[in-house]
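# Secondary and tertiary structure notes
Read off the chains here:
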Amino acid sequence: MPVTFTKSALLLALMLGLGHAQAASPISPTELAANEGIPNPAVIAHRGASFDAPESTAAAYKVARDLGADYLEMDLQRSKDGVLFALHDNNLQRTTDVATKFPERKDSPANEFTWAELKTLDAGSWFNAAYPDRARPGFVGLKILSLDEIIKIAEGNPQHKPGLYIETKEPKQFPGIEADLKNKLLDKGWLSSTGSNQAQKNIGVGQGKGRVVLQTFEKDSLKELQKEMPNTPKILLLWVGEGSIEPKSKVTFAESGEPSKAAYYAKQEPKDAAEFEKWVDEAKSLGAIGTGPSAQLTNLGDQSYSDLVKPEMNQLTHDKGMLVHVYTVDEPVDFDKVMKAGVDGIFTNRAAELLKYYKRWPSSSVADLLQDNGY
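Scope of this entry: the structure provided in the associated data block.

Conventions adopted
- Residues numbered from 1 in each chain as written.
- Predicted model: local features only at pLDDT ≥ 70, side-chain atom pairs only at ≥ 80, totals over all residues.
- Heavy atoms only, no water.
- Salt bridge = Lys/Arg side-chain N within 4 Å of Asp/Glu carboxyl O.
- Helix = DSSP H or I, 4+ residues; strand = E, 2+ residues; numbered from the N terminus.
- Buried < 20%, exposed > 50% of the residue type's maximum accessible area, 1.4 Å probe, protein only.
- Core = buried A, V, L, I, M, F, W, Y, C linked by side-chain atoms within 4.5 Å.
- Contact = heavy atoms within 4.5 Å.
- Axes fitted to C-alpha atoms, helices over the stretch in contact; angles between N-to-C directions.
- Parallel < 35°, antiparallel > 145°, perpendicular 65-115°, else oblique.
- Left-handed = near helix turned anticlockwise from the far one by under 90°.
- Nonpolar A, V, L, I, M, F, W, Y, C, P; charged D, E, K, R; others polar.
- Arc of directions from axis to C-beta.
- Pairing = 2+ DSSP bridges.
- Right-handed = clockwise from strand over helix to strand, strands pointing away.
- Polar contact = N/O pair within 3.5 Å; in protein donor to acceptor, adjacent residues only side chain to side chain.

Take the pattern of salt bridges next. Scanning the entire structure with this criterion turns up 29 salt bridges. Here Arg360 ties to Asp70 by a salt bridge, and the two come within 3.0 Å at their closest N and O atoms. With Arg360 in the loop between α15 (351-357) and α16 (366-372) and Asp70 in the loop between α3 (58-67) and β2 (71-78), this residue pair connects regions lying 290 residues apart in the sequence. Look at Arg360 and you get partly exposed, because its relative accessible area is 30%. Here Lys182 makes a salt bridge to Glu228, at a shortest N to O gap of 2.9 Å.

Here it is as structure tokens:
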């Protein structure tokens, strides 16, 4: 027998259909960030205020904290005797005097040094030599910091308590570092056991679920981080190249004839849209709440990589219910570019400039904060 519908039944069916369509729509980035306890947009101080002071040192982290950055960002490594510490490079030559203190071991990975040996190194003087216009006598002799010391810095300003944004750096070199990190954060009271967001107003993100964000380029490390800390927000970092998004062109930098790596990266792009989407999908399936893609900068330079924050890329990520935190952007022209493209947070070496761009005016200048902190 044919089924007949009254006008009211048709209207009800239509309304129900609309309700299902609305229920299936992805959560907005604003809602997702709020649920995770992550500021939106987020100011992520890349290795601290690393334009203004030696990266990953107390000077850089204290200035970033006191400026009002949402997060102190770091690359996590582990010493030969098991101490977790912050250092970006695989070895110590660029940012310490290892060639003077341990000349026969200057090329050795940092994890082949004990913590006592690492603490003998000067991690500040290189900055004065590299950037004489920003040099300060107080930077001489600055030390590599342990995770314990960075946590103490993050907790040290009663008016603003930033969160920690921690990368497992080269995790294959450090089997079990994810569990070590969990145990340290638990010991220091920095992990949310339930995943609830209890952020308090006016003291940044240092009290809520989003007080710690975990990041990695490595899918295997992401799996381990999810296993060890399922309630802690995670980001899969993205770039175009070996171990990450497959490029359209297989031509290497050496073969390309480009004058700089930045010019080379400017022409690198994902093999196709499906390749980019595959990585976003994998990030989500492994527990990430967002991605950390690279950016191409207007004036190129050492931090300019493949453009992975095109509007359509960010929209795709948002449509999958995920956030986008872009690295590493320092100039207002690029702040504007990536925000208009739809990102939800920015890794920056110039936290002061990004805060000003967001009209979150720091209470003091960088120079005054350095002086106030004894540098």
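That covers the picture; the talk isn't over yet.
A separate point is the nonpolar core. Counting 58 residues, the largest nonpolar core has Met74, Leu164, Ile166, Leu185 and Ile346 as the members making the most contacts within it. No other element matches α3, which puts 7 residues into this core. Sequence-distant contacts of Met74, defined by excluding residues within four places in its chain, comprise Tyr61, Ala86, Leu147, Ile150, Leu164, Tyr165, Ile166, Glu167 and Gln215.

Before going further, it helps to spend a moment on unusual backbone geometry. Here Asn40 and Pro41 are connected by a cis peptide whose omega angle stands at 0°. Phi angles above zero are rare outside glycine, and Glu170 is one such case at about 45°. Mapping Glu170 onto the fold places it in the loop between β4 (163-168) and α8 (177-187). Given the relative accessible area of 42%, Glu170 is considered partly exposed. The backbone of Leu300 shows a phi angle near 55°, a positive value even though the residue is not glycine.

On to the environment of Trp361, then. Checked against the element boundaries, Trp361 lands in the loop between α15 and α16. Considered as a pair, Trp361 and Leu67 are 294 residues apart in the sequence and their alpha carbons are 8.5 Å apart. Beyond its immediate chain neighbours, meaning those up to four positions away, Trp361 contacts Leu355 and Lys356.

Quick look at the packing of α3 against helix α7 (residues 147-154) now. Where α3 contacts α7, the two axes come as close as 9 Å, and the packing angle between them is 30°. Viewed along their axes, α3 and α7 adopt a mutual orientation that is roughly parallel. The interaxial crossing formed by α3 with α7 has right-handed handedness. Seen from α3, the contacting residues are Ala58, Tyr61, Lys62 and Arg65; seen from α7, they are Ile150, Ile153 and Ala154. Residues belonging to the contact of α3 with α7 are distributed by class as follows: 5 nonpolar, no polar and 2 charged.

Looking only at helix α13 (residues 311-319), the buried set comprises Met313, Asn314, Thr317 and His318. End-on view of α13: buried residues confined to an arc of 135°, all on one side of the axis.

With that settled, consider the pairing of strand β5 (residues 212-216). Of all 5 residues that make up β5, 5 are buried, and the element is covered over most of its length. Of the two faces of β5, both are covered, the one formed by Val212, Leu214 and Thr216 as well as the one formed by Val213 and Gln215. As paired strands, β4 and β5 are joined by 4 bridges and run parallel to one another. Looking at β5, one finds that Tyr165 is bridged to Val213. For the crossover from β5 across helix α9 (residues 219-228) to strand β6 (residues 234-238), the handedness is right-handed.

Residues of α7 that are buried include every one of Leu147, Ile150, Ile151, Ile153 and Ala154, and no others. Considered in projection along α7, the buried side chains sweep an arc of 160° and stay on one side of the axis. The elements touched by buried residues of α7 are α3, β2, β3 (84-86), β4 and α8.

Glancing now at the pairing of strand β8 (residues 323-326). Residues Leu323 and His325 point to one face of β8 and Val324 and Val326 to the other, with burial holding for every one of them. Examined bridge by bridge, strand β7 (residues 290-293) and β8 share 2 bridges and lie parallel to one another. Counted as the bridge partner of Thr291 is Val324 from β8. In this region the chain leaves β7, passes through α13 and returns to the parallel neighbour β8; the handedness of that crossover is right-handed. Here β8 runs beside strand β9 (residues 345-348); their pairing, made up of 2 bridges, is parallel. Within β9, the residue paired with Val326 across the bridge is Ile346. Since β8 and β9 lie parallel, the crossover through helix α14 (residues 332-341) that links them has a hand, and here it is right-handed.

With respect to the element layout, Gln77 can be found in strand β2. The class of Gln77 is buried, set by a relative accessible area of 2%. Distance in space between the C-alpha atoms of Gln77 and Asn111 is 7.1 Å, their sequence separation being 34 residues. Setting aside its immediate chain neighbours within four residues, Gln77 contacts Val83, Leu84, Phe85, Leu87, His88, Asp89, Asn90, Ala110, Lys169, Phe174 and Ile177. In this structure the side chain of Gln77 is engaged in a polar contact, spanning 2.9 Å, whose partner is the backbone oxygen of Leu87.

Don't take any of this as a statement about function, it's just geometry.
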